[in-house]
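# Coordinate inspection notes
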Amino acid sequence: MALTVNEVEKRYGAIHALKGVSLTVEPGEIRGLCGENGAGKSTLGKIIAGVVAPDAGEIMVDGKPIRLRSTAEALAHGISIVAQELAVVPYLTVAENVMLGQEPRRGIAVNRKQLRKRFLELSEQVGFSLDPNARLGALRKSEQQKAEILRAVARDARLIVMDEPTAALSSDEARQLVAATRRLAAEGRTIVFVSHHLDEVLAVCDNITVLRDGRYVRTGSAGNETPDSLVTSMTGQSL
Ligand code: ATP
């Protein structure tokens, strides 16, 4: 399994956000996480990506238990998150943002030309066209989000959590993001796709896990699900 979540618990003060959630995700799978507001989707995504620490339970990546204390540690384990709160540096260029952190890792100084070449290779790989020299802070949210995805790929993340990635996008932009997500999975990357847009989840994901009130409800293959079947599980009430 690329990802195993085992009996994970999380409380925020009096709020019991995750109540013993367990699931497994296969390599190259796009796994949707669905649930009503407050079901615990984002909390689970954040725990997988090292943004939030669980109170109990275990996360395993490629069969090995990992205990993450930061997103930097997560990245070292090949895990990245593309969240609504973007982690980009607004005053740097697109290419600089994407390639941030590459130099020390490779132990060589990367010059501008090399940076640009690698950036263009990555863009082609994922299917995005962004101006490498634009200052990221001046771009639309959708373009900033693309830069975040490219950065995850630049760091060779094998497991990418996407938390409501299309929330700020137009329908055209959302389609591009969905296509990119599929490409990433076709390369063997594992994607956890958090969204409350059921049509989108059904269109992009292989399997969908439903959470309700902090609990795991069930996982179904996208081919066997409909928006109605998901809503029934999300709410606990038949339509
Ligand atoms: P949404 O779609 O509304 O984001 P969600 O399914 O992603 O919902 P979470 O964001 O994980 O749910 O929230 C689960 C519960 O934990 C909610 O009751 C939420 O209010 C609470 N919660 C989330 N983050 C925090 C926090 N930092 N501090 C306190 N409570 C939090």
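Everything in this summary refers to the structure shown in the same document. (Residues numbered from 1 in each chain as written. Predicted model: local features only at pLDDT ≥ 70, side-chain atom pairs only at ≥ 80, totals over all residues. Heavy atoms only, no water.)

Bringing the sheet that holds strand β7 (residues 159-163) into the picture now. Spatially, β6-β7-β8-β3-β9-β10 is the arrangement adopted by the six strands of the open sheet, whose pairing is mixed. The sheet terminates laterally at β6 (79-82) and β10 (215-221), the two strands that pair on one side only. Each strand axis lies, on average, 20 degrees off the axis of its neighbour in the sheet, ignoring direction. Judged from the six bridges that link them, strand β9 (residues 207-212) and β10 form a sheet pairing that is antiparallel. Within β10, the position partnered with N207 by the bridge is S221. Where helix α1 (residues 41-48) meets the sheet, its contacts fall on β3 (30-34), β6, β7, β8 (190-194) and β9, and the angle it forms with β7 comes to roughly 150 degrees. Sheet strands in contact with helix α7 (residues 171-186) are β3, β7 and β8, and its direction is about 150 degrees off that of β8. (Pairing = 2+ DSSP bridges. Helix = DSSP H or I, 4+ residues; strand = E, 2+ residues; numbered from the N terminus. Axes fitted to C-alpha atoms, helices over the stretch in contact; angles between N-to-C directions. Contact = heavy atoms within 4.5 Å.)

A few words now on the site of the ligand. Looking at the ligand, the residues that line it are Y12, I15, A17, E36, N37, G38, A39, G40, K41, S42 and T43. A39 is positioned with one of its backbone polar atoms (N or O) 3.1 Å from an oxygen atom of the ligand. One of the backbone nitrogen or oxygen atoms of G40 is found 2.9 Å away from an oxygen atom of the ligand. Relative to its free-state accessible area of 630 Å², the ligand is covered by the protein chains to the extent of 60%. (Near = heavy atom within 4 Å. Polar contact = N/O pair within 3.5 Å; in protein donor to acceptor, adjacent residues only side chain to side chain. Areas by Shrake-Rupley, 256 points an atom, 1.4 Å probe, with all protein chains shown as cover.)

As far as function goes, none of this settles anything; it's purely spatial.
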